Amino acid sequence: MFESLQTGLRSALKTLQGKAKLSEANMRDGLALVEQSLLEADVSYEVAKDFVARVADKALGEKVLLALNPTQQLIGIINQELINTLGPVDPAIPLRKDVTVLMMCGLQGSGKTTTCGKLAKLLAQNKKNCLLVAADLQRPAAIEQLHVIGNQVGVPVYSEPGAKDPIAVCTAAIQKAKAEQIPVVVLDTAGRLAIDEELMNQLVAIDERVHPDQVYLVVDGMTGQDAVNSAKAFNEALELDGVIMTKLDGDARGGALLSVKEVTGVPIKFIGTGEHLDALEPFRPEGMASRILGMGDILGLVDTVQKAVDMEQAKALEAKLAAGEFTLDDFKGQLRQVMQPGLMMKMMSMLPGMGQLTEHLNGEEAEGEMKRTLGIIDSMTLKERRNPKIIDPSRRNRIAAGAGVQVQDVNALIKQFDMMAPVMKAMAGKGMGQRMQALQELQQSGMFNPGGQMPKIKGDTGKRLTSKEKAELRKKREKELKKKKKEQGPRGAW
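Computed from a prediction, not measured in an experiment: that's the story for all the values here.

Asker: How do you make sense of the packing of aromatic side chains when you look at a structure like this?
Answerer: Geometrically, a pair of aromatic rings is defined through the distance of the ring centres and the angle of the planes. Applying the stated criterion to the full structure yields one aromatic pair. Measuring from centroid to centroid gives 6.3 Å for Tyr-216 and Phe-270, while their planes differ by 70°, and the two rings are edge-to-face. Here Tyr-216 is found in strand β5 (residues 214-220), whereas its partner Phe-270 is found in strand β7 (residues 268-272), with 54 residues between them in sequence. Each of the two residues, Tyr-216 as well as Phe-270, counts as buried.

Asker: Would you mind going over the packing of helix α8 (residues 166-179) against helix α9 (residues 197-210) with me for this structure?
Answerer: Helix-helix packing is characterised by the crossing angle of the two axes and by the distance between the axes. Orientation of α8 relative to α9, taken along the N-to-C sense of each, is 30°, at an axis distance of 10 Å. Taken together, α8 and α9 sit at an angle that is classed as roughly parallel. Relative to α9, the crossing made by α8 is right-handed. Packed against α8, whose contacting residues are Pro-166, Ile-167, Cys-170, Thr-171 and Ile-174, the element α9 presents Gln-202, Ala-205, Ile-206, Arg-209 and Val-210 at the interface. In terms of residue class, the contact of α8 with α9 is made up of seven nonpolar, two polar and one charged.

Asker: Hey, could you run me through the confidence of the model for the chain in this one?
Answerer: As a note on interpretation, predicted positions should not be read in detail where pLDDT is low. Residues of the chain with pLDDT of at least 70 account for 68%, and the chain-wide mean is 75. In the model, residues 352-363 has pLDDT below 50 throughout and makes 24 contacts with residues more than four positions away in sequence or in other chains. Per-residue pLDDT stays below 50 along residues 445-463; that stretch engages in 23 contacts with residues further than four places along the chain or on separate chains.

Asker: Any chance you could explain the sheet that holds strand β6 (residues 242-246) here in plain terms?
Answerer: Sheets are built from strands paired through backbone hydrogen bonds, the pairs being either parallel or antiparallel. Strand order across the open sheet formed by eight strands is β3-β2-β4-β1-β5-β6-β7-β8, with mixed pairing between neighbours. Two strands close off the open sheet at either side, each with one partner strand: β3 (157-158) and β8 (280-282). The strands touched by helix α11 (residues 255-264) within the sheet are β6 and β7, with β6 carrying the most contacts at an inclination of about 175°.

Asker: Would you take a moment to explain the pattern of salt bridges for this structure?
Answerer: Two side chains bearing opposite charge may form a pair once their charged atoms approach each other closely. Evaluated as defined, the whole model comprises 12 salt bridges. One salt bridge in this structure joins Arg-54 and Glu-262, with 3.2 Å as the shortest N-O distance. Taken together, the positions of Arg-54 in helix α3 (residues 45-59) and Glu-262 in helix α11 put the pair 208 residues apart, joining distant regions of the chain. The shortest N-O distance in the salt bridge between Asp-98 and Arg-96 comes to 3.6 Å. The network of salt bridges with shared partners includes Arg-54, Lys-58, Glu-81 and Glu-262.

Asker: How should α11 be read in this particular structure?
Answerer: Among the 10 residues in α11, eight count as buried, and that is most of the element. At the C-terminal side of α11, Gly-265 shows a positive phi close to 80°.

Asker: Honestly, the state of the cysteines in this entry has me stumped. Any pointers?
Answerer: As used here, a disulfide is simply a covalent bond connecting the sulfur atoms of two cysteines. In total, this model carries zero disulfides according to the counting rule given. Looking at Cys-116, it has no disulfide partner, and the nearest cysteine sulfur is the one in Cys-130, 9.1 Å off.

Thresholds, definitions, all that
- Residues numbered from 1 in each chain as written.
- Predicted model: local features only at pLDDT ≥ 70, side-chain atom pairs only at ≥ 80, totals over all residues.
- Heavy atoms only, no water.
- Phe/Tyr/Trp six-rings, centres within 6.5 Å; stacked < 30°, edge-to-face > 60°.
- Helix = DSSP H or I, 4+ residues; strand = E, 2+ residues; numbered from the N terminus.
- Buried < 20%, exposed > 50% of the residue type's maximum accessible area, 1.4 Å probe, protein only.
- Axes fitted to C-alpha atoms, helices over the stretch in contact; angles between N-to-C directions.
- Parallel < 35°, antiparallel > 145°, perpendicular 65-115°, else oblique.
- Left-handed = near helix turned anticlockwise from the far one by under 90°.
- Contact = heavy atoms within 4.5 Å.
- Nonpolar A, V, L, I, M, F, W, Y, C, P; charged D, E, K, R; others polar.
- pLDDT = per-residue confidence, 0-100.
- Pairing = 2+ DSSP bridges.
- Salt bridge = Lys/Arg side-chain N within 4 Å of Asp/Glu carboxyl O.
- Disulfide = S-S within 2.5 Å.

So, in structure tokens, the structure goes:
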């Protein structure tokens with residue numbers, strides 16, 4: 001989503017790199033490019049002007065101009081100002097002792113009803129039951145849609161067929177939640193194609209009668225500055241507690257995200273990042289600012305991985321790695337867990353320094369490659385998957401034919417695994433910080449570049465061997481090799 005903004009900011013910062021000394025003149029030139037990239041990303045004119053003015057205030061100080069690495073100083077200032085513009089945000093939902101009422105509002109087409117389901121799923125993941133309320137009586141399809149979504153996420157839906165009064169429906173639903181001790185009620189109110197007096201009057205009436213604890217506005221991130229205008233109008237009528245911005249997985253330029261908080265004073269609480277019902281994330285200004293600048297979002301990545309990965313399988317793999325074991329079966333298991341649509345590209349975009357690489361990759365192509373890799377592994381015998389070293393040329397031909405690929409593809413996979421296995425083993429027992437540092441080192445080494453090679457992973461070499469010890473070790477290896485050849489039988493039979 002932020003591709004154009006990232007490109008613009010990178011270009012602006014590149015103009016300052018390699019300067020023997022930063023002057024006020026060339027710093028102002030760089031900041032003018034920053035402002036241009038913000039405007040091109042559909043950030044509102046006033047917000048872009050104010051943002052650059054704040055950055056200029058700090059960037060043109062003597063401390064930055066005389067710094068040893070002024071470009072890094074400038075990136076730090078821009079990063080902090082992005083965080084200030086987007087935040088502060090507390091994505092937590094304050095819950096009352098009895099029933100907490102959340103009122104959702106928005107225009108038709110913003111994804112309001114689907115977002116109600118996503119919010120219900122997010123609450124369920126945090127061990128909070130909720131009741132969805134079909135209070136959009138203007139559009140019968142919305143009631144039916146909410147029931148379908150409720151079934152998908154396993155959450156009850158309250159509706160009254162033929163009802164005309166949304167206030168009565170909301171009041172009855174809250175009473176039902178109190179009686180059944182359901183801690184959270186989510187009201188799906190009516191929407192319109194455009195803001196009108198009738199819509200606002202109805203929402204104000206519900207707000208005054210029901211007194212919701214939180215009022216959230218759902219806006220479509222792809223509508224650009226119209227999203228900001230909608231937020232402003234709804235906030236004047238209802239006093240919003242937060243905005244949920246949807247469709248941030250699309251090709252929107254991202255300016256609305258940067259403008260909403262600054263223009264309305266209402267924080268973005270959650271962001272929708274896909275069509276699936278689990279694609280709703282608490283909004284973190286720090287992580288979003290880092291991603292805009294191409295610096296990655298490690299906390300976001302950890303959260304994404306934890307949601308995608310089976311923790312029991314992860315523990316079992318960790319134990320195997322600690323014992324120095326990593327097979328093609330383990331590799332296959334890891335691939336399957338990240339083969340959810342779009343997950344790999346999302347994870348890569350969160351890795352520091354990987355933003356530019358994802359520009360050259362097509363999501364469907366990457367997932368197609370993964371499926372082909374799984375096909376090759378599935379064409380191997382259990383013995384081959386556990387010990388790829390026994391895969392001789394005749395076996396490679398058989399595997400290629402079984403998977404419907406070229407022998408070169410099989411060779412490439414085995415080579416990739418041979419390079420990856422020592423890295424996985426080297427990461428065993430390390431903390432998240434050390435693993436991320438190792439990934440960054442691999443990225444900086446050029447391994448992720450087209451045609452890049454995996455660097456050698458040095459193990460513990462221990463003490464230097466004597467000539468006698470080397471000879472004994474060589475004899476032992478030759479003995480093991482003869483034993484393996486006998487087990488394989490003639491012509492590498494399996």
